[in-house]
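# Structural characterization, general
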Amino acid sequence: MYRILSIITLCALLAACGRKESLEDIEARAGQTAVEYYKLLQEGKYSDFIAGMEYGDSLPEDYRSQLVDNVAMFVKQQKDDHKGIVAITLSRCHADTAHNTAEAFINIHYADSAQEVVCVPLVMQGEIWRMK
């Protein structure tokens, strides 16, 4: 939970700096946020990952619990299939500043040398990038 709060605080501080962010800065911040959310999976912090979803902090507890269970099953499947996730890196990110959305393309690196590219849709909620 502390990691997600750190991510959120960092994002809010960057947004509050007073200077107009360039498109490259916005895309870098959105992309890095997506990477940090997926690193939570690697660390087994499934509740924190769910909290990074759009409206993730206001989900009914039963639904939140189901999502946490689903994420845990996903990670277990990756361990069974690929011996687990060893790294998460950003490939690229495209932001739409008019609609406050972005698509981050992240690479999931597995222990068996396999890689997977995942598109993570993001939306700006207040001053925080959240996963859609």
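Look above for the structure.
Right, let's walk through the structure included here. Please read these numbers as outputs of a predicted model, since none were measured by experiment. (Residues numbered from 1 in each chain as written. Predicted model: local features only at pLDDT ≥ 70, side-chain atom pairs only at ≥ 80, totals over all residues. Heavy atoms only, no water.)

What follows deals with helix 4 (residues 61-82). With 22 residues, helix 4 extends 31 Å from end C-alpha to end C-alpha; this agrees with the ideal 32 Å at 1.5 Å per step. When we look at burial in helix 4, the residues that qualify are R64, L67, V68, V71, V75 and Q78. Each buried residue of helix 4 sits inside an arc of 100° when the element is viewed along its axis, so together they form one side. Relative to its buried face, helix 4 has exposed residues pointing more than 90 degrees away, namely D62 and M73. (Helix = DSSP H or I, 4+ residues; strand = E, 2+ residues; numbered from the N terminus. Expected span 1.5 Å × (residues − 1). Buried < 20%, exposed > 50% of the residue type's maximum accessible area, 1.4 Å probe, protein only. Arc of directions from axis to C-beta.)

Attention now moves to the layout of surface pockets. What the second largest pocket holds in volume is close to 170 Å³. Forming the boundary of the second largest pocket are Y38, L41, F49, I50, M53, L67, V71, C119, V120, P121, M131 and K132. Only helix 2 (23-42), helix 3 (46-51), helix 4 and strand 3 (115-125) provide two or more residues apiece to the lining of the second largest pocket. Its residues assigned to classes, the lining of the second largest pocket comprises 11 nonpolar, no polar and one charged. (1 Å grid on protein atoms, 1.4 Å probe; cavity = no way out; pocket = protein on both sides within 12 Å on 5 of 7 lines; lining within 4 Å. Points joined across faces, edges and corners; volume = space filled by probe spheres on them. Nonpolar A, V, L, I, M, F, W, Y, C, P; charged D, E, K, R; others polar.)

Purely geometric numbers; function is a separate question.
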